[in-house]
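A structural walkthrough
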Amino acid sequence: MDFELTEQQQLIRDSLKDFTERHVAPGVKERDEKKEFPHDIVKRLAEQGFMGMVHPEKYGGGGVGHISFCLAIEEIARWDASLALTVASHTSLASGHIALAANEFQKEKYLTPLAKGEKLGAWCLTEPGSGSDASGMKTNAVKKGDKWLLNGSKIFITQGSVGDIYVVLAKTDPDKGTKGISTFIVEGEWDGVQPGNKMEKLGMNSSDTTEVVFEDVEVPEENLLGKKGQGFVDTMKVLDGGRIGIGALSVGIARGCLEESMKYAGERKQFGSPIGDFQAIESKLADMATEIDAARSLVHKAAWLKDKGKPFSKQVSMAKLFASELAVRSANEAVQIHGGYGYIKEYHVERFMRDAKLMTIGEGTSEVQRMVIARELKKEFWN
């Protein structure tokens, strides 16, 4: 693994840094307060090729590796975690599942507009009664002639009300457990697809999160994604890939906390000196910087392994676990460094604190990551 970025990777990082400082940072507080989905910014990102970076050029993607993707997500998340979540979920989950399991017809029809950013994707896994236990889902699809009849509801769906193409997990053989779960590509305009109202959340306010209900939705046989009964297996692979994006997003939040804290600690004076000269503050800043570098290395290693086609489940769970919990710690320390000012909405760190918590929950909780890591360790040491 080479720690020096390629020219292409540097260009992607620098172009996103410039883009976010000019187009994302100025309105981020207002979008958070109004809870507005940034359609205009997403459109601009699509026009510049950032909504399908990792997908093949053949289907309208950028054809770049996952380290480039991580650099892009980090730069966006440094200012706006909600926007970074939109890009990451669209790319890694909905589009990612189609890229993984689709046939050529499905890729041409659905992956191409998704990779170009002409349409937004929403990945529908979680249900009101099944979170970490995906096998407990109730949504089902029953074969009726040459179509599937889809019924059920999903919750906490990112892009749930603004998405155009839904990738939906449903039980096709309820008696077979995880082997009875299949995946379907569903178009948002079809009869019976009913996105709910936006959910009121702690943070990530300008990311669209809703319930989606499917009532007697007729899905053509050709929209079965992958093999029947293979949905759960494919989902585990999709989640591994998605955790790379969440890791990078977490690093971006933590970096934002550090940079805002460095700025404040240099300007804020107490007892005649900048508070950044106080040993207690220096220790906080030093720890944050050290852990951010460590988290970025973990995330980039997982991305490198994925690009090389090597097993990366343990590595990405380590990266997601460490980076997500770091984002929460960094936000907490950043608010503490800012004191009373950190508790008001005028300063970015208050938003970082609210946004960071989702990182330890989404795409596999910290507890699930520890289970995955332990499982992989047992394979290495006990088999």
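Residues numbered from 1 in each chain as written. Predicted model: local features only at pLDDT ≥ 70, side-chain atom pairs only at ≥ 80, totals over all residues. Heavy atoms only, no water.

**Considerations on a nonpolar patch on the surface**
Keep this limit in mind: Any residue with relative accessible area above 30% and no salt bridge may belong to a patch, with like charges joined within 9 Å and the nonpolar Val, Leu, Ile, Met, Phe, Trp and Tyr side chains within 5 Å. All accessible-area figures derive from a Shrake-Rupley calculation using a 1.4 Å probe, and residue coverage is judged against the displayed protein chains alone. Note on definitions: salt bridges are taken to be side-chain nitrogens of Lys or Arg within 4 Å of carboxyl oxygens of Asp or Glu. Note on conventions: DSSP H or I runs of at least 4 residues are helices, E runs of at least 2 residues are strands, and numbering of each starts at the N terminus.
Together, Tyr341, Tyr343 and Ile344 make up a nonpolar patch on the protein surface, roughly 350 Å² of accessible area in all. The topology assignment puts Tyr341 in the loop between helix 9 (313–338) and helix 10 (348–356).

**Structural notes on the side chain of Thr112**
This is how it is decided: Per-residue accessibility, obtained with a 1.4 Å probe over protein chains only, is compared with the maximum for each type, and a residue is labelled buried under 20%, exposed over 50%, and partly exposed between these values. Any two residues having at least one pair of non-hydrogen atoms within 4.5 Å are treated as being in contact.
Tracing the chain through its elements places Thr112 in helix 6 (residues 104–115). Note on Thr112: relative accessible area 13%, which makes it buried. When near neighbours in sequence (up to four residues on either side) are disregarded, Thr112 contacts Tyr59 and Lys107.

**Digging into the packing of helix 1 (residues 7–24) against helix 4 (residues 66–79)**
As a reminder, the rule being used: To obtain an axis, a line is fitted to C-alpha atoms, over the contacting stretch when the element is a helix, and the angle between two such axes runs from 0 to 180 degrees between their N-to-C directions. An angle below 35 degrees is read as roughly parallel, one above 145 as roughly antiparallel, one from 65 to 115 as roughly perpendicular, and any other as oblique. Less than a right angle of anticlockwise turn of the near helix away from the far helix marks a crossing as left-handed, whereas a clockwise turn marks it as right-handed. Throughout, the ten residues Ala, Val, Leu, Ile, Met, Phe, Trp, Tyr, Cys and Pro are labelled nonpolar, Asp, Glu, Lys and Arg are labelled charged, and all others, Gly among them, are labelled polar.
At a minimum axis separation of 9 Å, helix 1 and helix 4 run at an interaxial angle of 20°. Judged on the interaxial angle alone, helix 4 and helix 1 are roughly parallel. Between helix 1 and helix 4 lies a crossing whose hand is right-handed. Together, Gln9, Ile12, Arg13, Leu16, Lys17, Thr20, Glu21 and Val24 of helix 1 and Ile67, Ser68, Leu71, Ala72, Glu75, Ile76 and Trp79 of helix 4 make up the contact between the two elements. Residue composition of the contact of helix 1 with helix 4, by class: 8 nonpolar, 3 polar and 4 charged.

**So, helix 11 (residues 366–382)**
An α-helical turn contains 3.6 residues, so any two residues separated by three or four positions project in the same direction. For clarity, the cut-off: In this analysis, the expected span of each helix is defined as 1.5 Å times one less than the number of residues it contains. Note that the arc is computed from the directions linking the helix axis to the C-beta atoms.
Relative to the 24 Å expected for 17 residues at 1.5 Å per residue, helix 11 spans 24 Å between its end C-alpha atoms, a close match to the ideal helical length. Buried within helix 11 are the following residues: Ser366, Val368, Gln369, Val372, Ile373 and Glu376. The buried residues of helix 11 occupy one face: seen down the axis, they fall within an arc of 165°. For helix 11, exposure combined with an orientation more than 90 degrees from the buried face picks out Glu367, Met371, Phe381 and Trp382. Against the buried residues of helix 11 lie helix 7 (231–267) and helix 9.

**Structural notes on the packing of aromatic side chains**
Cut-off, in case you're wondering: For this analysis, a ring pair means two rings from Phe, Tyr or Trp (six-membered ring only for Trp) whose centres lie within 6.5 Å, classed as stacked if their planes differ by under 30 degrees, edge-to-face if by over 60, and tilted for the remaining angles. Two conditions define a charge located above a ring, namely a distance within 6 Å from the ring centre to NZ of Lys or CZ of Arg, and an angle within 35 degrees of the ring normal.
By the definition in use, this model includes 5 aromatic pairs. Their ring planes at 90° and their centres at 6.0 Å tell us that Tyr264 and Tyr347 sit as a pair that is edge-to-face. Here Tyr264, found in helix 7, pairs with Tyr347, found in the loop between helix 9 and helix 10; they are 83 residues apart in sequence, far enough to count as distant. Through a chain of ring-to-ring contacts, the aromatic side chains of Tyr264, Tyr341 and Tyr347 assemble into a single cluster. Across the ring face of Trp79, the terminal group of Arg78 is positioned such that the distance to the ring centre comes to 3.8 Å. The ring of Phe322 carries Arg329 above its face, with NZ or CZ at 5.8 Å from the centroid.

**Some points on the domain arrangement of the protein chain**
For clarity, the threshold we go by: The domain limits used here are those given by an automatic or database domain assignment. Summed over both partners, buried area is the accessible surface (1.4 Å probe) that two parts give up on being assembled.
Along its sequence, the protein chain is carved into domain 1 (7–120), domain 2 (122–229) and domain 3 (232–382). Between domain 1 and domain 2, the C-alpha centre-to-centre distance is 22 Å. Across the contact, 27 residues belong to domain 1 and 26 residues belong to domain 2. Here domain 1 meets domain 2 over a buried area of about 2,300 Å², counting both sides, of which 60% is carbon and sulfur. Viewed at the interface, domain 2 and domain 1 are joined by 2 salt bridges.

**Some thoughts on the UniProt feature "domain: Acyl-CoA dehydrogenase/oxidase C-terminal" (unreviewed entry) in the protein chain**
Counted only if it meets this: UniProt positions are given in the numbering used here, feature names are shortened, and annotations may be inferred rather than shown by experiment.
In the numbering adopted here, UniProt assigns the feature "domain: Acyl-CoA dehydrogenase/oxidase C-terminal" (unreviewed entry) to residues 229–377. Structurally, residues 229–377 is divided into 76% helix and 3% strand, and its ends, taken at the C-alpha atoms, are 28 Å apart.

**Considering the nonpolar core**
Selection rule: Residues grouped as a nonpolar core are buried Ala, Val, Leu, Ile, Met, Phe, Trp, Tyr and Cys residues, joined through side-chain atoms within 4.5 Å.
Residues Leu45, Ile73, Leu249 and Ile253 are the most contacted members of the largest nonpolar core, which totals 68 residues. Top contributing element to this core by residue count: helix 7, with 11 residues. Counting only domains with at least three residues in this core, you end up with domain 1 (7–120) and domain 3 (232–382). Discounting chain neighbours no more than four positions away, the residues touching Ile73 are Ala84, Val87, Ala88, Gly245, Ala248 and Leu249. Tyr59, Ala102, Tyr110 and Leu169 belong to the second-largest nonpolar core, a separate cluster that totals 21 residues.

**Topic: the environment of Ala323**
Looking at the secondary structure, you find Ala323 in helix 9. The buried category is assigned to Ala323, whose relative accessible area is 0%. As a C-alpha pair, Ala323 and Gly252 span 71 residues in sequence and 9.5 Å in three-dimensional space. Not counting the four nearest positions on each side in its chain, Ala323 is found in contact with Gly247, Ser250, Val251, Ala295 and Val299.

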